[in-house]
Amino acid sequence: MHWFHRAPDHGAWGIFAEYTHTEHMDGDGSSNHAAFALEGALFNGNWTYFGQLGYIDWVGGDDETLQSGVFGRGGFRYFHDDNSKFELSLAGHTGGDFQTGGDLVHWVQIASEYRHRFDGSPWSVFAAYQGDWTFLERVAPFSTCCDEEVWVHSLWLGAQLSFGLETLMAEDRYGAGTFDLPNFRAPLSYADELD
């Protein structure tokens with residue numbers, strides 16, 4: 001959920017809160033996390049620059065591999081025209097069980113998307129890539145074995161139906177397209193499998 005103030009000619013800033021439930025890749029457990037962050041966007045002609053900085057914390061579930069941590073995400077959108085945009089973002093996280101000094105989880109994500117909305121239509125099509133690197137760092141004396149890592153690559157092709165505003169740039173400047181939530185799938189679902 002986002003709460004923010006918008007100045008359509010200049011940018012937007014605010015906060016978000018997110019609650020997640022994750023079934024882990026090893027099939028043996030699940031975890032629940034809450035995330036909170038500050039976020040901001042700057043509008044400059046056909047460019048939008050955005051960033052988020054926050055904290056995620058374990059609030060329940062069977063697994064506590066990722067207890068808490070800080071994360072950040074930043075990127076840009078370039079609008080070739082009102083209905084064609086390219087987006088690139090970079091996100092990162094570091095965390096673990098800070099109370100006991102146990103193993104740490106590090107995560108880096110790079111994501112890109114090209115989206116085109118058909119003029120006079122609510123339909124858009126998109127192609128996207130997301131690459132996630134998750135690294136489990138063993139911290140002595142709690143661990144006796146090795147660090148582990150995994151790369152996860154995802155490709156998407158799809159279509160989307162939008163309601164309300166008539167262009168992608170209008171959605172970015174005046175609608176729900178200004179901010180989205182970070183995709184925490186990799187560090188939350190794979191950290192337990194690396195453990």
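Residues numbered from 1 in each chain as written. Predicted model: local features only at pLDDT ≥ 70, side-chain atom pairs only at ≥ 80, totals over all residues. Heavy atoms only, no water.

Q: In this structure, what is going on with the overall build of the chain? I would like to understand it.
A: Counting its secondary structure elements, the chain contains two helices and nine strands. The N-to-C order of helical and strand elements in the chain reads β-β-β-β-β-β-β-β-β-α-α. By residue count, 48% of the 195 residues in the chain fall in the buried class. Contacts in the chain between residues far apart in sequence, at least 24 positions, make up 57% of those at least 6 positions apart. Of the roughly 10,000 Å² that the chain leaves accessible, carbon and sulfur atoms contribute 61%. (Helix = DSSP H or I, 4+ residues; strand = E, 2+ residues; numbered from the N terminus. Buried < 20%, exposed > 50% of the residue type's maximum accessible area, 1.4 Å probe, protein only. Contact = heavy atoms within 4.5 Å. Areas by Shrake-Rupley, 256 points an atom, 1.4 Å probe, with all protein chains shown as cover.)

Q: In this structure, what is going on with the nonpolar core? I would like to understand it.
A: Across soluble globular proteins, nonpolar side chains show a tendency to be buried alongside one another. Membership of the largest hydrophobic core is limited to 10 residues, which are Phe16, Ala35, Ala37, Ile56, Phe71, Ala91, Trp107, Phe184, Ala186 and Leu188. Elements with a minimum of two residues in this core: strand 3 (30-44) and helix 2 (185-194). In this structure Ile56 touches His33, Ala34, Ala35, Gln67, Ser68, Gly69, Phe71, His93, Phe184 and Leu188, once residues within four positions along its chain are discounted. Counting five residues, the second-largest nonpolar core is a separate cluster that includes Ala41, Phe43, Phe50 and Phe179. (Core = buried A, V, L, I, M, F, W, Y, C linked by side-chain atoms within 4.5 Å.)

Q: How should I be thinking about the sheet that holds strand 7 (residues 104-117) in this particular structure?
A: Within a beta sheet, neighbouring strands are joined by backbone hydrogen bonds and run either parallel or antiparallel to one another. Taken together, the nine strands give an open sheet; going across it, the order is 1-2-3-4-5-6-7-8-9, and neighbouring strands pair in antiparallel fashion. Each end of this open sheet is capped by a strand with a single partner; those strands are strand 1 (2-7) and strand 9 (148-161). Averaged over neighbouring strand pairs, the angle between their axes works out to 15 degrees when direction is ignored. The pairing of strand 5 (residues 68-81) with strand 6 (residues 84-96) spans 13 bridges and is classified as antiparallel. (Pairing = 2+ DSSP bridges. Axes fitted to C-alpha atoms, helices over the stretch in contact; angles between N-to-C directions.)

Q: Is there a simple way to explain the pairing of strand 7 in this structure?
A: Both faces of the sheet carry side chains from a regular strand, because those side chains alternate between them. As defined by bridge partners, strand 6 adjoins strand 7 across 13 bridges and the pair is classed as antiparallel. From the neighbouring strand, Ala91 faces strand 7, where its bridge partner is Gln109. Sheet analysis places strand 7 next to strand 8 (residues 123-137), joined by 14 bridges and oriented antiparallel. Counted as the bridge partner of Tyr114 is Ala127 from strand 8. In this structure, the hairpin formed by strand 7 and strand 8 is closed by a connection of five residues, where Gly120 is found at a positive phi of approximately 75 degrees.

Q: Is there a simple way to explain the side chain of Arg73 in this structure?
A: You can see Arg73 is positioned in strand 5. A residue is classified by how much of its surface remains accessible, and Arg73, at 9% relative accessible area, is buried. In terms of polar contacts, Arg73 uses its side chain to reach the side chain of Asp180, at 2.7 Å. Aside from chain neighbours lying at most four places away, what touches Arg73 is Phe50, Gly51, Gln52, Glu87, Ser89, Leu90, Ala91, Asp180 and Pro182. (Polar contact = N/O pair within 3.5 Å; in protein donor to acceptor, adjacent residues only side chain to side chain.)

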